[in-house]
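# Summary of the model geometry
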Amino acid sequence: MKEIFQGEVFAETANFDRGIRQLMPRYDEILDVLARCTPANAQRILDLGCGTGETSLKILDRCQDAEVIGVDYSRRMLDFARTKINLAGYSYRWTGYEGDFGEWANHNLSLPGEFDVCVSSFAIHHLTDEMKLTLFERIRSSLKPGGVFWNADRVLPESLALKEVYQERREDWAQSQGTSLAALRTKFGTNVSQGYSGPDRFATVYSHLQMLTTAGFTSVAVPWKYYGMAMFGGMVETVEGDG
Ligand SMILES: C[S@@+](CC[C@H](N)C(=O)[O-])C[C@H]1O[C@@H](n2cnc3c(N)ncnc32)[C@H](O)[C@@H]1O
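All of the points below concern the structure found in this document. (Residues numbered from 1 in each chain as written. Predicted model: local features only at pLDDT ≥ 70, side-chain atom pairs only at ≥ 80, totals over all residues.)

Each helix and strand in the chain was counted, giving 9 helices and 9 strands. For a compact globule of 243 residues, the expected C-alpha radius of gyration is about 18 Å, and the chain comes in at 17 Å, within 12% of that figure. Over its C-alpha atoms, taken along the principal directions, the chain stretches across nearly 55 × 40 × 30 Å. Here the contacts in the chain between residues at least 6 apart in sequence split such that 73% fall between residues at least 24 apart. (Helix = DSSP H or I, 4+ residues; strand = E, 2+ residues; numbered from the N terminus. Rg over C-alpha atoms; globule rule 2.2 N^0.38 Å. Contact = placed C-beta atoms within 7 Å.)

Right, here's the structure in full:
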């Protein structure tokens, strides 16, 4: 089986966009909610683990003046993203960086400037909880006042019973898409741990919110949750009269 980085999922990158929609119930909906919660007037947006660019594209559609910076450690995924973004006519507003967001969290990779918004989808769950917190702190300190961070990701089921329910829902979803989880798995690559990312290290929504609070976000929210997937994040609110 072909070796891939954690998070690339499919052995052939060309299978990702269709496959992820069969694998993740309501994938487009969670990303649409993330885009909708992103202020339309944002100017600088960071997309961590941008993959083939699906989230970046939704953000570029919504935020017509924004420059989006996509970060991913997989050159294959970045190449796919770049091609799609060029085809959509957004190349002048999107820059892809090949790098590990764990390195960025630890200040070993620099990205230019501060951001109005940071987004991520289906990528951060590859970090340990300790690194998730370090990353959230880095995101927090890289956001301008009034900035916001949204993360769409898989989350840890809150009990064993719910784990079964969530898994059943994923199987039903795959069947409704004309396939099955087993059939989809035959298209997966063999994951090799790369940099800071390892096999799935899910955390509950509750512990994500605690980490975001510890990282200094003044307000946290969960605009969307569906079985084992959630879109949550934190805001850096400006205090009236502050400064
Ligand atoms: C499941 S894909 C999701 C891609 C895209 N965000 C989406 O929702 O379609 C996860 C992506 O995160 C990237 N990734 C995982 N860990 C990473 C890390 N530590 N640094 C940079 N990219 C990472 C993978 O290469 C992959 O492209």
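With mixed pairing, the 7 strands of this open sheet are ordered in space as β4-β3-β2-β5-β6-β9-β8. Each edge of the open sheet is held by one strand with a lone partner, namely β4 (94-98) and β8 (219-226). For this sheet, the mean inter-axis angle between neighbouring strands, taken without regard to orientation, is 15 degrees. In this structure, strand β6 (residues 143-154) lies alongside strand β9 (residues 229-235), joined through 7 bridges in antiparallel fashion. Within β9, the position partnered with W150 by the bridge is G233. (Pairing = 2+ DSSP bridges. Axes fitted to C-alpha atoms, helices over the stretch in contact; angles between N-to-C directions.)

Closest axis-to-axis distance for the helix α2 (residues 27-36)/helix α3 (residues 54-62) pair is 9 Å, and the angle between their directions is 40 degrees. Here α3 runs oblique to α2, going by the angle between their axes. In the crossing of α2 with α3, the sense of the turn from one axis to the other is right-handed. In this structure, α2 uses L31, D32, L34 and A35 to contact α3, whose residues at the interface are E54, T55, K58, I59 and R62. Here the contact of α2 with α3 is built from residues that sort into 4 nonpolar, 1 polar and 4 charged. (Parallel < 35°, antiparallel > 145°, perpendicular 65-115°, else oblique. Left-handed = near helix turned anticlockwise from the far one by under 90°. Nonpolar A, V, L, I, M, F, W, Y, C, P; charged D, E, K, R; others polar.)

What follows covers the site of the ligand. If you check the shell around the ligand, you find 26 residues, and the closest are G7, G49, G51, S121 and A123. Broken down by secondary-structure element, the contributors of at least two residues to the shell around the ligand are α3, β3 (67-72) and α5 (101-105). Residue classes in the shell around the ligand are distributed as 11 nonpolar, 11 polar and 4 charged. (Near = placed C-beta within 6 Å.)

All right, on to unusual backbone geometry then. Phi at F122 takes a positive value of approximately 55 degrees, unusual for a residue other than glycine. Relative to the elements of secondary structure, F122 occurs in the loop between β5 (115-121) and α6 (129-142). Among the residues examined, F122 registers 23 C-beta atoms within 10 Å and is labelled buried. With a phi angle near 50 degrees, Y227 is a residue other than glycine that sits in the positive phi range. You can see Y227 is positioned in the loop between β8 and β9. Judged by the 18 C-beta atoms lying within 10 Å of it, Y227 falls in the partly exposed class. (Buried ≥ 20, exposed ≤ 12 C-beta atoms within 10 Å, placed from the backbone.)

Below, the discussion takes up the nonpolar core. Ranked by size, the top nonpolar core spans 57 residues in total, and within it L34, I45, I59, C118 and M231 carry the most contacts. If near-sequence neighbours (up to four positions away) are discounted, L34 is found in contact with T55, V119, S121, W150, A152 and M231. (Core = buried A, V, L, I, M, F, W, Y, C linked by C-beta atoms within 7 Å.)

Among the 7 residues in β5, 7 count as buried, and that is most of the element. The sheet contact formed by strand β2 (residues 44-48) and β5 spans 4 bridges and is parallel. Bridging across to β5, L48 finds its partner in S120. As judged from the 6 bridges shared by β5 and β6, these two strands associate in the parallel manner.

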